[in-house]
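Spelled out from the first residue to the last, the chains are:
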Amino acid sequence: MSATLITYLLYLAISIALTIWVARTLHKNGRVFLLDVFGQNESLADSVNHLLVVGFYLINLGYIALHLEIGHVVVDAVEGLEALSGKVGTVLIVLGLVHFVNLLVFARMRRRGREKAEGIPVRPDEWLPER
Amino acid sequence: MQRLTVLYDSDCRLCRAARHWLDGQRMLVRMRFLPAASPEAKQAYPNLDHDRARQELHVVSDRGAVFRGAHAWVMCLWALERYRPWARLAARPANLPKAERLVHWLATHRHRLGR
């Protein structure tokens, strides 16, 4: 097995493991938020949570796949490590960005949910007929 | 609810001052102000009792809900970012009758108060 191939395999293993870890964290901790947003409706919260995590996986794995190619032959361990750290570092930053976007989505959903719950405080005295 | 229309008494100084105060606040729900029983108000709400709107504050939502007197005041406060908690407080069953008495007193004495 060539050094380049070993670098690729290591890159894939590390990146995929990181993606799985972040996705699980998101899945586990996002549920509480979503339950709050959907008024403790568990099935809806779980469904949205699952869909968000699927999107997260697709974007990250897609990026990891696109970003695989090193473009030159790796000759020794040092070069392999350098290439690997560059690749994994970019993947980490992309993971972080997507993760924050996800958090933003959660926060916005929660705020919307609360605003909606802010119904009018008094009942109308009369309704005008529709024109 | 996207917008509230406030029908106020433009012949009363206190009411005009209140309208300007409301207009200067940051709003969670947009408000527009029309003088009660004015041609614009009558054109906008042909089915509304405009004689009554001249006597007490009226607030009309974009979906046709009409609020009068204390209810109208609560809705005005509720539309403001800073005073929404006050609106909730005033709207409590224990407080609403007091608010109604206060608003009624203000409405009957408004011309004297504004002088």
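Shown above is the structure to which this text applies.
Every chain's residues receive numbers from 1 upward, in the order its sequence appears when written. Chains carry letters from A onward and ligands carry numbers from 1 onward, assigned in written order. Only residues with pLDDT of at least 70 are given local features in this predicted model, and only at 80 or more are side-chain atom pairs given and counted; all residues enter the totals for whole chains, interfaces and linings. The basis for the side-chain values is all heavy atoms of the structure; hydrogens and waters are excluded.

Even after reading the chapter, I still don't get unusual backbone geometry, so can you show me in this structure?
Excluding glycine, residues mostly have negative phi values, and the peptide bonds linking residues are mostly trans. Phi at Ala37 of chain B takes a positive value of approximately 65 degrees, unusual for a residue other than glycine. Per the convention used, a helix needs a DSSP run of H or I reaching at least four residues, while a strand needs a run of E reaching at least two, with both numbered from the N terminus. Relative to the helices and strands, Ala37 of chain B resides in the loop between β2 (30–35) and α2 (39–44).

Is there a simple way to explain helix α1 (residues 13–24) of chain B in this structure?
In an α-helix, one turn spans 3.6 residues; hence positions three or four apart end up facing the same way. Given a rise of 1.5 Å per residue, 12 residues ought to cover 16 Å, and the 17 Å separating the end C-alpha atoms of α1 of chain B matches this to within 8%. Only heavy atoms enter the contact rule, under which two residues are in contact if any of them lie within 4.5 Å. On its buried face, α1 of chain B sits against β1 (3–8), β2, α4 (69–78) and α6 (96–113) of chain B. One less than the number of residues in a helix, times 1.5 Å, gives the span that helix is expected to have.

I would appreciate a short explanation of the interface of chain A and chain B in the present structure.
Many analyses report the size of an interface as the accessible area lost when the parts associate. Taken together, the contact pairs 13 residues of chain A with 23 residues of chain B. Taking both partners together, chain A and chain B bury about 1600 Å²; carbon and sulfur atoms supply 60% of that area. Note on definitions: buried area is the accessible-area loss of two parts on being combined, 1.4 Å probe, summed for both. Its largest share of buried area at the contact with chain B, chain A owes to Pro121, Val122 and Leu128 of chain A, together 36% of the area lost on that side. Salt bridge, as used here: a side-chain nitrogen of Lys or Arg that lies within 4 Å of a carboxyl oxygen of Asp or Glu. Summed over the shared surface of chain A and chain B, the result is one salt bridge.

Just to check I follow, could you spell out the pairing of strand β4 (residues 65–68) of chain B for this structure?
Two faces belong to every sheet, and in a regular strand the side chains alternate between them. Burial here depends on accessible area, computed with a 1.4 Å probe over protein chains only, as a share of the maximum for the residue type. Under 20% is buried, over 50% is exposed, and the range in between is partly exposed. Of the two faces of β4 of chain B, the one holding Ala65 and Phe67 of chain B and the one holding Val66 and Arg68 of chain B are both buried throughout. Across two bridges, strand β1 (residues 126–127) of chain A lies against β4 of chain B in antiparallel orientation. Its bridge partner being in β4 of chain B, Trp127 of chain A is matched across the sheet by Ala65 of chain B. Between any two strands, at least two bridges found by DSSP are needed for them to pair. Of the pairings in the sheet, the one linking strand β3 (residues 58–61) of chain B to β4 of chain B comprises three bridges and is antiparallel in character. Bridge pairing links His58 of chain B to Arg68 of chain B in β4 of chain B.

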